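Listed below, chain by chain, are the residues.
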Amino acid sequence: MSLPTLPRRRALLAGLAAAVPRAAAAQERKKITVGVLSWWPPSIEPDHVGALRDGLKSFGYVEGRNLELIAAFTGGNAERTRDAARRLVERQVDVLVVTATPAVTIAKEATKERPIPIVMAPVADPVATGLVASIARPGGYLTGMSMMGPDLSGKRLEFLREIMPALKSIAFVGTTRDPNTKTFVAGLQAPANKLGLKLTVKLVDGAAEVDGALMAGLKRDGVDAVVLQPIFMGYQDPILAAARAARLPVITDFPIFAEAGALLTYGIDDRAQMRRAAYFVDRIVRGTSPADLPIELPTAFAFVINRKTAADLGLTIPPLLLQRADEVIE
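As the structure is a prediction and not an experimental result, all values here were calculated from the model.

**Some remarks on the packing of helix α3 (residues 45-58) against helix α11 (residues 270-285)**
Logical step 1: It is at 7 Å that the axes of α3 and α11 come closest, and there the two elements cross at 40°. Here α3 is positioned oblique relative to α11, judged by the angle of their axes. Note on packing geometry: the crossing formed by α3 with α11 is right-handed. Each of D47, H48, A51, L52, G55 and L56 in α3 lies in contact with α11, whose residues at this interface are D270, R271, M274, R275, A277, A278 and V281.
Logical step 2: By residue class, the composition of the contact of α3 with α11 is seven nonpolar, two polar and four charged.

This is the structure:
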């Protein structure tokens, strides 16, 4: 298989920062209030709000001078998310930055009577779930970023097959709470069929159910590896501990999972996406309608390998794969 040449992760983030118009930082901006509504748990807040704060600063928005940030991280609790969305609407924030499809769906409903621009940062497939009319012209008052790239699921499986040539059976572990779960399953089924892999789909209501019993059951059923839906970000430590106990390698999207012990991740960098959200915020508060801001599809991806996890599982990473990785965790 011919692997794409991928930029180093740090270079990817530095390049993104360099792409921000430097002139913007030199201009004094009007004071704005930005609400952050996140489906992730509070443990993710420092990373994500910090990344958004850095991005906004590069456009000339500084907390305490012309920027107020109000954040709510709700831990995947729908009622808590509705309450937070209602409070942010009542606060009349200028823009909402919202992460993950379930939270965006709730925010869209909460802003029906009092529309507030929403920047998705990011969601999986906003068209398939009816959040926007199209990628090029989203319409309404939602714009932002999608995490759907060219056959990311297929690439992850190809990487996994290189590490595990005898791979025969995989399990997708996802949630019933995300409208995009079916998109993830559909995107995984085709490459699994192509590689001759049996796919088992296991859906749960919440992260607490992705435990030792679930992982042990998958192992008993002959599953060789787990593909984890990234909606479980923030709960990666207990989930990966359960997988480790069952000796099941895990692959998924966001680098934070590899840092916590997943075998490999390949996809967008969630922190870089929060920085990029600042571009949309700036355009909107300066008068551009969200309807006229195309949804951005990812063009750069972070490939992270956890070599320590591989060694613990008795797996050897091919040298070529190590060379292609943006980051190798020893």
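**Let's talk about the pairing of strand β10 (residues 264-267)**
Logical step 1: The side-chain alternation of β10 yields two buried faces, one formed by L264 and Y266 and the other by T265 and G267.
Logical step 2: As paired elements, strand β9 (residues 250-252) and β10 share two bridges and run parallel to each other. Paired with T252 across the two strands is T265, which belongs to β10.
Logical step 3: You can see the chain leave β9, run along helix α10 (residues 255-260) and come back into β10, and the turn it takes is right-handed.
Logical step 4: Relative to strand β11 (residues 302-306), β10 runs antiparallel, the two sharing four bridges. Considered in β11, the bridge of G267 is made with A302.

**Here's the deal with the sheet that holds β10**
Logical step 1: Spatial strand order, β7-β6-β8-β9-β10-β11-β12: seven strands in an open sheet with mixed pairing. Every interior strand has two partners, whereas the edge strands, β7 (198-204) and β12 (327-329), have only one. Pairwise comparison of adjacent strand axes, ignoring direction, gives a mean angle of 20° for this sheet.
Logical step 2: On top of the sheet, helix α7 (residues 181-194) reaches β6 (169-175), β7 and β8 (225-228); it is set at about 170° to β6, its chief contact.

**Points about α7**
Logical step 1: Compared with an ideal rise of 1.5 Å per residue, which puts 14 residues at 20 Å, α7 spans 21 Å between its outermost C-alpha atoms and is within 8% of the ideal.
Logical step 2: Every buried residue of α7 is accounted for by T181, T183, F184, V185, L188, P191 and A192.
Logical step 3: Buried residues belonging to α7 abut α6 (152-163), β6, β7 and β8.
Logical step 4: Taken from the residues just after α7, G196 is the one with a positive phi, measuring 70°.

**Digging into the packing of aromatic side chains**
Logical step 1: Applying the stated criterion to the full structure yields six aromatic pairs.
Logical step 2: Geometrically, the ring pair formed by Y266 and F301 is tilted, given 5.8 Å between the ring centres and 45° between the ring planes. In this pair, Y266 is assigned in strand β10 and F301 in the loop between α11 and β11, connecting sequence segments 35 residues apart.
Logical step 3: Judged by its relative accessible area of 2%, Y266 is buried.
Logical step 4: With a centroid separation of 5.9 Å and 90° between ring planes, the pair formed by Y266 and F303 is classed as edge-to-face. Here the residue Y266 occupies a position in strand β10, and F303 occupies one in strand β11, the gap between them amounting to 37 residues. F303 shares its class with Y266; the two are buried.

**Points about the pattern of salt bridges**
Two side chains carrying opposite charge are able to pair once their charged atoms lie near each other.
Logical step 1: Evaluation of the coordinates by the stated rule reveals 13 salt bridges.
Logical step 2: Between K308 and D312 there is a salt bridge, with its nearest N and O atoms 3.2 Å apart. In this pair, K308 and D312 are both assigned in helix α12 (residues 307-312), four residues apart and thus about one turn of the helix distant.
Logical step 3: With relative accessibility at 47%, the residue K308 sits in the partly exposed group.
Logical step 4: By relative accessible area, D312 is classed as partly exposed at 40%.
Logical step 5: Through salt bridges with shared partners, a single network forms among D47, E259 and R271.

**Let's talk about the confidence of the model for the protein chain**
Logical step 1: On average, residues of the protein chain carry a pLDDT of 91, and 91% of them reach 70 or more.
Logical step 2: Note that residues 1-26 has pLDDT below 50 and, in this model, 51 contacts with residues that lie over four places away or in other chains.

**Some thoughts on the nonpolar core**
Across soluble globular proteins, you tend to see nonpolar side chains buried next to one another.
Logical step 1: Ranked by size, the top nonpolar core spans 110 residues in total, and within it I170 and M215 carry the most contacts.
Logical step 2: Broken down by element, this core gets its largest block of residues, eight residues, from α11.
Logical step 3: Ignoring anything within four residues of it in the chain, the contact list for I170 reads L157, L160, L188, A192, L197, K198, L199, T200, V223, A225 and V227.

**What about the sheet that holds strand β5 (residues 142-146)?**
Logical step 1: Strand order in the open sheet formed by five strands is β2-β1-β3-β4-β5, and the pairing between neighbours is parallel. Only two strands of the sheet have a single partner each, and these edge strands are β2 (67-73) and β5. Here the average twist between neighbouring strands, direction ignored, is 15°.
Logical step 2: Relative to strand β4 (residues 118-123), strand β3 (residues 95-99) runs parallel, the two being bridged by three bridges. Note that in β4 the partner of L96 across the bridge is I118.

Procedures and definitions
Residues numbered from 1 in each chain as written. Predicted model: local features only at pLDDT ≥ 70, side-chain atom pairs only at ≥ 80, totals over all residues. Heavy atoms only, no water. Axes fitted to C-alpha atoms, helices over the stretch in contact; angles between N-to-C directions. Helix = DSSP H or I, 4+ residues; strand = E, 2+ residues; numbered from the N terminus. Parallel < 35°, antiparallel > 145°, perpendicular 65-115°, else oblique. Left-handed = near helix turned anticlockwise from the far one by under 90°. Contact = heavy atoms within 4.5 Å. Nonpolar A, V, L, I, M, F, W, Y, C, P; charged D, E, K, R; others polar. Buried < 20%, exposed > 50% of the residue type's maximum accessible area, 1.4 Å probe, protein only. Pairing = 2+ DSSP bridges. Right-handed = clockwise from strand over helix to strand, strands pointing away. Expected span 1.5 Å × (residues − 1). Phe/Tyr/Trp six-rings, centres within 6.5 Å; stacked < 30°, edge-to-face > 60°. Salt bridge = Lys/Arg side-chain N within 4 Å of Asp/Glu carboxyl O. pLDDT = per-residue confidence, 0-100. Core = buried A, V, L, I, M, F, W, Y, C linked by side-chain atoms within 4.5 Å.

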